[in-house]
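Structural characterization, general
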Amino acid sequence: MDFANLASQLNAGAILPEGIVIITLLVVLIADLIVGRAADRWTPYVAIAGLLAAVGALYLGWNRLETVSFLGSFNSDNLSLVFRGIIALATVVTILMSIRYVEQTGSDLGEYLTILLSATLGAMFLSGSEELVMIFISLETLSIASYLMTGYMKRDLRSNEAALKYLLIGAASSAIFLYGSSLLYGLSGGSTSLAGIAAGIANSSQSLGVLISLVFVIAGISFKISAVPFHQWTPDVYEGAPTPVVAFLSVASKAAGFALAVRFMTIAFPSVSDQWQFIFTALAILSMILGNVVAIAQTSMKRMLAYSSIGQAGFVMIGFVIGTESGYASMLFYLLIYLFMNLGAFTCIILFSLRTGTDQISDYAGLYQKDPLLTLALSICLLSLGGIPPLAGFFGKLYLFWAGWQAGAYGLVILGLLTSVVSIYYYIRVVKMMVVKEPQEMSETIKNYPALSWKPFGMRPLQVGLILTLITTSLAGILSNPLFNLVNASVADVPLFEAAVPIRPAAPVSLQVPATPLSAVVPQSAPQAQTLNVNLRS
Amino acid sequence: MNLAEGVQTISFALLALMMIGAALGVVLLDNIVYSAFLLGGVFISISGLYLLLNADFVSAAQILIYVGAVNVLILFAIMLVNKREDFSPVPRRWIRKGGAALVSVGLFALLGTMVVQTPWVIPANLPATTSTLIILGEHFFSDYLLPFELASVLLLMALVGAVVLARREYVLDDEASVGEMPQLPLQLPERPKEPVALSGTSAPSR
Amino acid sequence: MQLNLFLLLAVALFCIGIYGLITSRNAVRVLMSIELMLNAVNINLLAFSNYLDGQSIRGQVFAVFIITVAAAEAAVGLAIILSIYRNRDTVDMEKFNVLKW
């Protein structure tokens with residue numbers, strides 16, 4: 001196997017965006033190493049530039065002819081491109097809101113950016129992986145980076161504790177996921193590519209082994225998207241972790257989880273599609289109900305958003321379980337919108353807590369008098385999350401429910417509508433609190449609200465992020481046509497969903513080398529192998 | 001039963017007994033140091049099992065990495081957090097233990113049934129390869145190249161992150177902010193009132 | 001058949017790991033339980049690799065990756081345990097209740 005042949009087989013151009021992210025990561029790390037703290041002034045912008053360049057590279061890769069790369073490990077089809085774009089953009093906004101936060105808490109910015117970028121890298125690779133080992137490694141890159149970022153404020157008790165809980169639950173869930181994967185490897189007779197697994201288990205689809213591995217794999221994935229029985233870590237981690245990290249987890253990590261779910265279920269489990277659709281329907285119902293109902297009772301803003309994000313994941317799952325093309329398109333569309341509105345809300349929370357040091361909902365009372373811009377932005381983002389008409393979130397939900405209704409999932413759609421109404425209640429409660437008129441209803445924190453200043457280091461990017469998400473959240477719904485064309489194109493060209501029933505041939509394996517010499521060598525030099533073989537035959 | 005087969009069966013039985021016994025010790029013993037050493041025993045018996053499965057390289061890697069690195073790391077951690085600590089008894093703890101035992105036994109029954117029931121498709125007449133190292137190397141540099149490279153990023157990130165988290169910071173640097181306003185009120189929940197190292201061992205009350 | 005024996009052994013180890021995960025009060029012991037679970041997965045993979053995939057031993061490749069990641073995860077986990085121990089002076093899971101569990 002000569003080198004040129006191998007290089008062309010690898011189709012390495014497909015991972016150009018990830019390559020750019022890796023180079024950015026190394027530049028940030030080495031610059032921080034050499035220059036020291038002074039590099040903090042420009043490394044965040046290097047990271048943002050690198051991520052935007054990666055988004056550009058994703059754009060160039062649109063409608064690529066040869067999508068499968070690295071001998072079947074990675075598939076850079078249009079669907080993965082959209083998911084990777086969502087993840088990279090989420091990281092850009094996260095960096096914008098992180099700079100001031102990390103500086104003010106006195107942590108190291110360079111290492112923070114390094115870990116954040118590697119989490120992004122893992123999430124981007126996860127969106128296109130089509131092979132168990134690749135899925136595992138990218139999943140772990142994302143997870144371990146998330147644990148580290150959660151515990152990044154190491155002098156804070158709550159951050160420590162959140163990191164420990166997240167790590168223990170996360171590692172256990174990845175062990176369960178792995179156990180399911182190992183069963184799949186055995187059931188398919190020794191294949192680790194998703195397509196090969198589908199071919200291998202096609203005959204024995206209703207057996208106990210396939211069902212158990214399906215459940216185990218779904219348990220691992222649901223942990224990432226924090227669907228309800230697997231959500232216990234979410235509120236604690238969201239409350240304890242640094243707020244920008246929470247923003248990243250709630251958007252990028254979740255999007256990667258959905259990308260994995262779509263790819264894994266549609267490619268590897270077409271033969272048991274009824275079963276996994278049933279399981280995900282149950283998860284969606286539980287998530288919508290529990291997420292939205294428990295959010296009402298919360299007093300901490302971050303914790304409320306944690307439960308609301310569980311509920312939002314439930315809405316997104318509607319688009320996934322109905323399994324039609326428009327369902328997947330609406331799911332992608334909602335994730336795109338959710339990116340901006342949720343990150344917008346988190347930017348506002350960070351700004352508020354940077355100025356006052358609290359995130360209790362009651363402390364927001366009367367904010368309108370002191371900081372109209374922040375009030376406006378937070379109100380718009382929250383109302384959009386709730387799905388109030390002219391804003392982006394409304395159109396996202398409209399498309400989701402419409403797709404669900406067309407596919408005949410009436411119960412799910414009605415439940416979605418009901419829980420949306422519930423969610424509007426607790427979002428509006430915050431908005432109402434902020435715009436109270438009477439000065440005596442103002443909270444103590446607001447009375448001592450510091451003078452507005454965008455001067456300190458890191459405040460400008462925060463402002464940019466705020467304005468950017470605000471504008472997108474207000475306008476993306478009305479001008480949604482280009483976005484909608486994008487997501488439609490991304491699911492239309494992919495053979496993935498047409499192939500939800502037929503099975504694609506396994507990726508060609510180029511390991512012909514061992515085949516010939518081994519059969520000649522083995523009989524003489526492998527006494528143990530022979531004995532084992534004897535056992536097998538007997 | 002010929003000799004080779006007998007040796008295999010006996011060594012399998014011995015290793016399996018060792019492994020299960022040591023694993024039970026890991027989760028059941030009260031003294032955490034014993035648990036850590038028994039964990040080493042589990043790893044070593046598993047590497048023996050790997051030899052029975054014709055996996056010479058993985059067996060060596062198991063000893064080198066699990067026993068040599070992970071287990072030593074765990075022992076170090078135990079020594080570093082080694083405060084003789086009698087966990088205060090929690091009421092009705094046996095209920096949780098019983099529940100956990102029930103869950104585990106139930107799971108064992110379920111998975112065991114699955115293993116026994118499933119007709120594993122064993123290809124006939126295909127002897128296992130002996131040149132595992134060569135084939136592993138070829139896998140790493142052909143169809144598993146991408147995960148192989150990504151693993152390097154993962155290790156780098158874990159290294160950086162573990163250093164950042166475990167590093168002890170004696171003084172809070174005054175130049176915490178490269179920008180202006182270094183003396184912000186710092187009322188962020190994430191900001192401690194005082195550096196931990198200076199406050200001694202007393203945990204901040206919150 | 002021998003494959004089943006190995007698989008049953010892995011199941012037993014996995015369930016012991018689950019038991020330890022639920023009942024342990026010492027955070028370090030929880031980490032050990034997770035290592036047990038990962039090792040059970042590895043036994044599974046190697047057994048399948050030997051009996052079903054003897055020619056191209058993909059299971060062994062997978063197992064090597066799992067060993068790598070498990071080591072990284074253990075290092076990160078112990079770093080987190082160290083940092084929480086500095087702040088709280090305990091590794092008792094029952095006392096980690098600043099956040100509502």
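Residues numbered from 1 in each chain as written. Chains lettered and ligands numbered in written order. Predicted model: local features only at pLDDT ≥ 70, side-chain atom pairs only at ≥ 80, totals over all residues. Heavy atoms only, no water.

**Focus on the overall build of chain B**
Helix and strand counts for chain B stand at six helices and zero strands. In chain B, the succession of helices and strands from N to C terminus is α-α-α-α-α-α. Here chain B, with 206 residues, has 42% of them falling under the buried criterion. Taking the contacts inside chain B whose residues are at least 6 apart along the sequence as the reference set, 52% of them involve residues at least 24 apart. Of the roughly 11,100 Å² of accessible surface on chain B, a fraction of 69% belongs to carbon and sulfur atoms. (Helix = DSSP H or I, 4+ residues; strand = E, 2+ residues; numbered from the N terminus. Buried < 20%, exposed > 50% of the residue type's maximum accessible area, 1.4 Å probe, protein only. Contact = heavy atoms within 4.5 Å. Areas by Shrake-Rupley, 256 points an atom, 1.4 Å probe, with all protein chains shown as cover.)

**So, the overall build of chain C**
Within chain C, the regular secondary structure consists of three helices and zero strands. Its helices and strands taken in sequence order, chain C reads α-α-α from the N to the C terminus. Projected onto its principal axes, the C-alpha positions of chain C cover 50 × 25 × 20 Å. Here chain C holds 101 residues, and the buried ones make up 83% of them.

**Focus on the interface of chain A and chain C**
Contacts between the two partners involve 49 residues from chain A, matched on the other side by 44 residues from chain C. Between chain A and chain C, a total of about 4,100 Å² is buried, with carbon and sulfur atoms accounting for 75% of that surface. The largest share of the area that chain A buries against chain C comes from E161, Y179 and Y185 of chain A, three residues that together contribute 16% of it. Where chain A packs against chain C, one counts nine residue pairs in polar contact (both at pLDDT 80 or more). For the side of chain A that touches chain C, the secondary structure elements donating two or more residues are α6 (132-150), α7 (157-187), α10 (233-240) and α24 (527-537) of chain A. At 23 residues, α7 of chain A tops the list of elements feeding residues into the side of chain A that touches chain C. (Buried area = accessible area lost by both parts, 1.4 Å probe. Polar contact = N/O pair within 3.5 Å; in protein donor to acceptor, adjacent residues only side chain to side chain.)

**A look at the nonpolar core**
Among the nonpolar cores identified, the biggest contains 292 residues, and F264, M265, F269 and F280 of chain A are the most heavily contacted of them. When residues of this core are assigned to domains, at least three map to each of domain 1 (7-82) and domain 2 (131-178) of chain B. (Core = buried A, V, L, I, M, F, W, Y, C linked by side-chain atoms within 4.5 Å. Domains from an automatic or database assignment.)

**Digging into the interface of chain C and chain B**
Each partner contributes residues to the interface: chain C has 72 residues there, and chain B has 87 residues. Together, the buried faces of chain C and chain B total about 7,400 Å²; carbon and sulfur atoms form 74% of this surface. The interface formed by chain C and chain B includes one salt bridge. For R96 of chain B, the salt bridge goes to E94 of chain C, with nearest N and O atoms at 3.0 Å. (Salt bridge = Lys/Arg side-chain N within 4 Å of Asp/Glu carboxyl O.)

**Description of the domain arrangement of chain B**
It is common to give the size of an interface as the accessible area lost on bringing the parts into contact. Here chain B is partitioned into domain 1 (7-82) and domain 2 (131-178). On a C-alpha basis, the centres of domain 1 of chain B and domain 2 of chain B stand 25 Å from each other.

**Digging into the packing of aromatic side chains**
Residue and element names in this part refer to chain A. Across all of its chains, the model carries 35 aromatic pairs over all chains by this definition. Aromatic side chains Y166 and F223 sit 6.1 Å apart centroid to centroid with 40° between the ring planes, which places their arrangement in the tilted category. In this pair, Y166 sits in helix α7 while F223 sits in helix α9 (residues 208-225), placing the two residues 57 residues apart along the sequence. Like Y166, the residue F223 is buried in the burial classification. Between the aromatic rings of Y399 and F484, the centroid separation amounts to 4.1 Å while the plane-to-plane angle is 25°, which identifies the pairing as stacked. Taken together, the positions of Y399 in helix α17 (residues 392-406) and F484 in helix α21 (residues 481-492) put the pair 85 residues apart, joining distant regions of the chain. Joined through ring pairs, the aromatic side chains of Y147, Y166, F223, W233 and Y238 make up one cluster. (Phe/Tyr/Trp six-rings, centres within 6.5 Å; stacked < 30°, edge-to-face > 60°.)

**Thoughts on helix α2 (residues 27-51) of chain C**
Residue and element names in this part refer to chain C. Compared with an ideal rise of 1.5 Å per residue, which puts 25 residues at 36 Å, α2 spans 37 Å between its outermost C-alpha atoms and is within 8% of the ideal. Of all 25 residues that make up α2, 25 are buried, and the element is covered over most of its length. Where α2 begins, the side chain of N26 points an oxygen toward the backbone nitrogen of V28, at a separation of 3.0 Å. (Expected span 1.5 Å × (residues − 1).)

**A few points about the pattern of salt bridges**
All names here are of chain A. Across all of its chains, the model carries 14 salt bridges over all chains by this definition. The shortest N-O distance in the salt bridge between D77 and R263 comes to 2.9 Å. Here R263 lies in helix α11 (residues 243-268) and D77 lies in the loop between β2 (74-75) and α4 (78-104), a separation of 186 residues in the sequence. For the pair D77 and R263, a shared accessibility class is recorded, and that class is buried.

**Side note on unusual backbone geometry**
Here the phi dihedral of N11 of chain A falls at roughly 55°; this positive angle occurs in a residue that is not glycine. Along the chain, the position of N11 of chain A falls in the loop between α1 (3-10) and α2 (16-35). Positive phi outside glycine occurs at D89 of chain C, with the angle close to 65°. By secondary structure assignment, the location of D89 of chain C is in the segment after α3 (58-88).

**Side note on the packing of α11 of chain A against helix α13 (residues 301-322) of chain A**
Residues and elements named next belong to chain A. Two numbers describe how α11 lies on α13: the axes approach to 12 Å, and their chain directions differ by 20°. By the angle class used here, α11 and α13 are roughly parallel. In this structure, α11 meets α13 at a crossing whose hand is right-handed. Mapping the contact onto sequence places T243, V246, K254, F258, A261, V262 and M265 in α11 and K302, S309, I310, A313, V316, M317 and F320 in α13. Of the residues that constitute the contact of α11 with α13, the class distribution is ten nonpolar, two polar and two charged. (Axes fitted to C-alpha atoms, helices over the stretch in contact; angles between N-to-C directions. Parallel < 35°, antiparallel > 145°, perpendicular 65-115°, else oblique. Left-handed = near helix turned anticlockwise from the far one by under 90°. Nonpolar A, V, L, I, M, F, W, Y, C, P; charged D, E, K, R; others polar.)

**Side note on the environment of L343 of chain A**
Residue and element names in this part refer to chain A. With respect to the secondary-structure elements, L343 resides in helix α14 (residues 325-356). Here L343 falls in the buried class, since its relative accessible area comes to 0%. Once the C-alpha coordinates of L343 and T91 are considered, the two residues, 252 residues apart in sequence, prove to be 9.9 Å apart.

**With respect to the side chain of N78 of chain A**
By the element assignment, N78 of chain A lies in helix α4. Within polar-contact distance, the side chain of N78 of chain A engages the side chain of N63 of chain A at 2.9 Å.

**Notes on a nonpolar patch on the surface**
Residue and element names in this part refer to chain A. A grouping of L26, I30, L33, I34, V35, W42 and Y45 is seen on the molecular surface, where their side chains present a nonpolar patch of about 720 Å² in accessible area. Broken down by element, the residue count for the nonpolar patch peaks at five residues, all from α2. As for its placement among the helices and strands, I34 is situated in helix α2. Overall, I34 belongs to the exposed group, its relative accessible area being 67%. (Patch = residues over 30% accessible without salt bridge, like charges linked within 9 Å, V, L, I, M, F, W, Y side chains within 5 Å.)

**Examining the environment of M442 of chain A**
Residues and elements named next belong to chain A. In this fold, M442 is placed in the loop between α18 (410-434) and α19 (444-447). By relative accessible area, M442 is classed as buried at 13%. The spatial distance from the C-alpha of M442 to the C-alpha of M153 is 31 Å, given a sequence separation of 289 residues. Residues within four places of M442 in sequence aside, it is in contact with A365, G366, Q369, K370 and K447.

**Describing the packing of helix α2 (residues 32-52) of chain B against helix α3 (residues 56-80) of chain B**
All names here are of chain B. Two numbers describe how α2 lies on α3: the axes approach to 8 Å, and their chain directions differ by 175°. In this view, α2 runs roughly antiparallel relative to α3, as classed from their interaxial angle. Only D56, V58, S59, Q62, I63, Y66, V67, N71, I74, L75 and I78 of α3 make contact with α2, whose side of the interface consists of I32, V33, A36, F37, L39, G40, F43, I44, I46, S47, Y50 and L51.

**Thoughts on helix α4 (residues 93-117) of chain B**
Taking 1.5 Å of rise per residue, the 25 residues of α4 of chain B would be expected to cover 36 Å, and the 36 Å separating its terminal C-alpha atoms lies within 8% of that figure. All of the buried residues along α4 of chain B are R93, A100, S104, L107, L111, G112, M114 and V115 of chain B. Buried residues belonging to α4 of chain B abut α7 and α9 of chain A together with α1 (2-23) of chain C.

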